[in-house]
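Observations on chain architecture
Here is how the chains run, residue by residue.
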Amino acid sequence: MADKEYYKLLGVEKGASKEEIKKAYKKLAMKYHPDRAPDDKKKEYEEKFKEISEAASVLGDEKKRQQYDQFGSNVFQGGQASQGFDFSDIMSHFRSGSFGDFDDVFDSLFGGGTRQRSSHAQRGSDFLYETEISLEDVANGTTKTIPLNKLEHCQECQGKGAHTFESCHHCNGSGYMKRTQRTPFGLFQQTSPCPYCHSKGELPQDSCKSCGGEGLVRKQKKIEVTIPAGVDDGMRLRVRGEGEVGPHNGPSGDLYVEIHVMPHKYFIRKDNDIHITVPISFTQATLGDDIDIPTISGNAMLKIPAGTESETIFRMKNKGLPSLHHSHGDQMVKVKVTVPQKVSKKQKELIKQLKEEKPSKSFFKKIFG
Ligand SMILES: [Zn+2]
Ligand SMILES: [Zn+2]
């Protein structure tokens, strides 16, 4: 018999992913379902539906697909291909309108990927790890090494829980059981996962010693997590797939890293601005000065104009924190004019002179115009 071109039948590339194959098949199956055929085309639709279903049953199953890629469709004539492939079965599953749970139906019909995701598979649990970082870390970003104690697939048995398996005699190795159901609308054939082998098609003959047959072992592990600059206190970063592995080969959970920003000795954070109070002397306030101000990224110069009042706030542009979403923050500097507690004899003299000095003419001019 001539080779059948399964990829062409479904209209997908040779390297197509399982999702693409599923999608292509769904589209065609909806189009060519015999229930939807016009009266004069019943036979044609049925043939086409049969063909694409056969193609999907092979390409949808990793093992069969591999064989097909290697040897062509002739390998499936006779025994092997008919296993788990029953046209009337597929037809009844796709009775018009039942495309809703297509993914489940696809997996259960064609058995593809049941090894990865049996009906028993569950997603692993998530982890939450809390970590403290400094305000400097917020400014520059940082990495944290996070120790994990998590379940992983057992290396000894590749997570299978056993070393030797035999074909499940309950379902003849297909992983699914067929059941004829009587309903008011007639007899229906139903396929359900085999409860004995959890639709794996095989049963363990021994138990792996390393994991006690669970397929999972607990392991210490350290992972590096990059914390970007500009994170907020209380923010949670998600590291995909670093939670616990799922039972029965289910997908792994995620790791969440919750950030706590420790309070700083001098700086107060308000969103991405940093607030700081700096003492200046009476003379600096009166005469003006250039002063060195600490910022989160080192010292920076701030110009204090002559005649600065106490409690004046200066904005140092872009000297605040970087932001994940908005623009860079500023540093707000509040100056506090300090009154000297101790003065030398000479200073005392000078202050006295200042006191005796009468307000200048310009001062009166300002008030009385
Ligand atoms: Zn079984
Ligand atoms: Zn094991």
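One structure accompanies this document, and this report is about it. Along each chain, the written sequence defines residue order, and numbers are assigned to residues from 1. Think of it this way: whatever chain is written first is A, whatever ligand is written first is 1, and the rest follow in order. Since the coordinates come from a predicted model, pLDDT governs what is reported: local features require at least 70, and pairs of side-chain atoms require 80 or more to be given and counted, while whole-chain, interface and lining totals use all residues. Side-chain calculation: all heavy atoms of the structure are included, whereas hydrogens and water are not.

1. Focus: unusual backbone geometry
The phi angle at His198 is positive, at roughly 55°, despite the residue not being glycine. Elements are defined by DSSP. Helices are runs of H or I of four residues or more, strands are runs of E of two residues or more, and each kind is numbered from the N terminus. Inspection of the secondary structure puts His198 in the loop between strand 5 (186-193) and strand 6 (202-204).

2. Here we look at the nonpolar core
Each nonpolar core is a collection of buried residues, namely Ala, Val, Leu, Ile, Met, Phe, Trp, Tyr and Cys, held together in the definition by side-chain atoms within 4.5 Å. Partly exposed residues are those whose accessible area sits between 20% and 50% of the maximum for their type, while under 20% is buried and over 50% is exposed, using a 1.4 Å probe and protein chains only. Ranked by internal contacts, the top residues of the largest apolar core, which has 34 residues, are Leu135, Val257, Ile259 and Val333. Setting aside residues up to four positions removed in sequence, Ile259 forms contacts with Thr131, Ile133, Ile227, Val231, Asp232, Asp233, Gly234, Met235 and Leu237. Any two residues whose heavy atoms approach within 4.5 Å are treated as being in contact.

3. Description of the coordination of the zinc ion (ligand 1)
Every protein donor of the zinc ion (ligand 1) is listed here as Cys168 (SG), Cys171 (SG), Cys194 (SG) and Cys197 (SG), and their distances to the metal cover 2.3 Å. With four donor atoms in place around the zinc ion (ligand 1) and angles of 101 to 118° between them, the coordination shape is tetrahedral. Look at where the donors of the zinc ion (ligand 1) fall in the sequence and you get C-x2-C-x22-C-x2-C. Residue classification places Cys171 among the buried positions, given a relative accessible area of 5%. Because no water is among the atoms considered, metal sites can look incomplete, with donors defined as N, O and S atoms within 2.8 Å of the metal, or 3.2 Å for Na, K and Ca. For four-coordinate sites, all angles between 85 and 135 degrees define a tetrahedron; for four- and six-coordinate sites, opposite donors beyond 155 degrees with the remaining angles between 65 and 115 define square planar and octahedral shapes respectively, and all other cases count as irregular.

4. As for the coordination of the zinc ion (ligand 2)
Taken together, the protein donors to the zinc ion (ligand 2) comprise Cys154 (SG), Cys157 (SG), Cys208 (SG) and Cys211 (SG), at separations of 2.3 Å. The site at the zinc ion (ligand 2) holds four donor atoms, and with the angles between them running 102 to 116°, its shape is tetrahedral. Each donor residue of the zinc ion (ligand 2) lies on the same chain, and together they follow the pattern C-x2-C-x50-C-x2-C. Remark: Cys211 occurs in the loop between strand 6 and strand 7 (216-227) and Cys157 occurs in the loop between strand 2 (142-153) and strand 3 (165-167); sequence separation between them is 54 residues. You'll find Cys157 and Cys211 in the same group, each marked buried.

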